[in-house]
Amino acid sequence: MLSNYKRIIIVSMCVILAIVTACAFRQLKQPKVSESHIRTGPMVLSIRTDGRFNKGYSWNLEIDSQRSATLIIDTFPKEISREFQISEEKWSAFREVLVREGYFELAEEYGDNVFDSGTEVITVQIGDQKKTIRLYFLLNWVSKNNAKLAESRRAVRVFTFVRDWFDDADAVDLRDSALQVLGKPKRD
């Protein structure tokens with residue numbers, strides 16, 4: 001006959017084993033997004049920059065699978081909304097950027113969450129596969145942590161590729177910081 005102490009240990013070990021198995025199964029369940037699916041599957045995109053800035057306001061760009069884009073700029077007290085169409089060439093080129101940068105294999109966030117800095121968020125959904133990446137302040141990594149910086153640059157390249165699709169004086173533009181992260185000179 002088992003003592004109460006041994007029973008508790010056996011039950012605890014079974015619970016731990018069940019939790020570990022469930023976590024492993026959950027990771028196995030998430031299929032990899034194939035390159036062909038990225039290139040041809042129905043895609044929607046949401047990309048935004050949030051924060052408080054000296055020049056420009058937070059913004060959110062939503063693009064549906066028909067390439068119709070809506071840019072919402074959070075000018076206080078009233079939002080500004082702009083609509084435009086993304087060309088098939090840009091949309092196809094973006095799909096190639098996703099493949100080249102291995103977007104669906106990247107981590108979910110990069111950088112340091114600094115109080116007075118912005119956050120850039122990219123969400124790509126292709127079919128039923130969805131991936132969101134948050135980019136926090138990365139300039140600290142430029143001089144300190146090149147190992148982390150190398151991978152984060154892939155996400156920055158995805159973000160800046162889309163940010164180049166519009167210029168709006170009301171929407172904050174952090175591309176010069178992104179260029180520093182990428183090791184490139186600032187724009188003129």
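Each remark here, short or long, concerns the structure printed above.
Throughout what follows, the structure given in this document is the object of discussion.

Scoring rules and cut-offs
Residues numbered from 1 in each chain as written. Predicted model: local features only at pLDDT ≥ 70, side-chain atom pairs only at ≥ 80, totals over all residues. Heavy atoms only, no water. Helix = DSSP H or I, 4+ residues; strand = E, 2+ residues; numbered from the N terminus. Buried < 20%, exposed > 50% of the residue type's maximum accessible area, 1.4 Å probe, protein only. Contact = heavy atoms within 4.5 Å. Areas by Shrake-Rupley, 256 points an atom, 1.4 Å probe, with all protein chains shown as cover. Pairing = 2+ DSSP bridges. Axes fitted to C-alpha atoms, helices over the stretch in contact; angles between N-to-C directions. Salt bridge = Lys/Arg side-chain N within 4 Å of Asp/Glu carboxyl O. Core = buried A, V, L, I, M, F, W, Y, C linked by side-chain atoms within 4.5 Å. Phe/Tyr/Trp six-rings, centres within 6.5 Å; stacked < 30°, edge-to-face > 60°. Lys NZ or Arg CZ within 6 Å of the ring centre and 35° of its normal.

## Some words on the overall build of the protein chain
Secondary structure assignment for the protein chain yields 6 helices and 7 strands. Listed N to C, the secondary structure of the protein chain is α-α-β-β-β-β-α-β-β-β-α-α-α in terms of helices and strands. A total of 188 residues make up the protein chain; the buried ones form 34% of that total. If you take every contact in the protein chain between residues at least 6 apart in sequence, the share linking residues at least 24 apart comes to 56%. When the accessible surface of the protein chain is totalled, it reaches about 12000 Å², and 53% of it is carbon and sulfur.

## Description of the sheet that holds strand β7 (residues 129–135)
Spatial strand order, β4-β3-β2-β1-β6-β7-β5: 7 strands in an open sheet with mixed pairing. The open sheet has two edge strands, β4 (80–85) and β5 (109–110), and neither has a second partner. Strand direction decides the pairing type here: strand β3 (residues 68–73) and β4, joined by 6 bridges, are antiparallel. Within β4, the residue paired with isoleucine 73 across the bridge is isoleucine 80. In the packing of helix α3 (residues 88–101) onto the sheet, the strands contacted are β1 (43–50), β2 (59–63) and β6 (119–126), and the crossing angle to β1 comes to about 80°.

## Concerning the environment of glutamate 35
Mapped onto the secondary structure, glutamate 35 falls in helix α2 (residues 35–40). When its relative accessible area of 46% is taken as the criterion, glutamate 35 is described as partly exposed.

## Brief notes about the pattern of salt bridges
Going through the model one piece at a time under the given rule, you end up with 12 salt bridges. The partner of glutamate 96 in a salt bridge is arginine 39, and the shortest N-O contact between them spans 2.7 Å. Remark: arginine 39 occurs in helix α2 and glutamate 96 occurs in helix α3; sequence separation between them is 57 residues. Residue arginine 39 is classed as partly exposed on the basis of its relative accessible area, which comes to 35%. Between aspartate 50 and arginine 48 there is a salt bridge whose closest N-O contact spans 2.6 Å. Assessed through its relative accessible area of 26%, arginine 48 is described here as partly exposed. Each of Arg163, Asp164, Asp167, Asp173 and Arg175 takes part in one network of salt bridges that share partners.

## Regarding the pairing of β6
Summarising burial for β6: 7 of the 8 residues are buried, a large majority. Where β1 and β6 come together, 8 bridges link them in antiparallel fashion. Its bridge partner lying in β6, threonine 49 is registered against glutamate 120. In the sheet, β6 pairs with β7 via 7 bridges, with the strands oriented antiparallel.

## With respect to the nonpolar core
If you look at the biggest cluster of nonpolar residues, it comprises 41 residues, and the most contacted ones within it are Trp59 and Val124. Looking at this core, the elements that each hand over two or more residues are β1, β2, β3, α3, β6, β7, α5 (146–163) and α6 (175–181). Top contributing element to this core by residue count: α5, with 6 residues. Setting aside anything within four residues of it in sequence, one finds valine 124 in contact with Met43, Val44, Leu45, Phe94, Leu98, Tyr103, Phe104, Gln129, Lys130 and Lys131.

## Focus: the packing of aromatic side chains
Taken as a whole, this structure holds 8 aromatic pairs when the rule is applied. When the centroid spacing of 6.3 Å and the interplanar angle of 25° are considered together, the rings of phenylalanine 94 and phenylalanine 161 count as stacked. Here phenylalanine 94, found in helix α3, pairs with phenylalanine 161, found in helix α5; they are 67 residues apart in sequence, far enough to count as distant. The structure contains a cluster of three or more aromatic residues connected by ring pairs, namely Trp91, Phe94, Phe161 and Trp165. The ring of phenylalanine 166 is capped by arginine 163, whose NZ or CZ atom sits 4.1 Å from the centre of that ring.

Any functional reading would require information that these geometric values do not contain.
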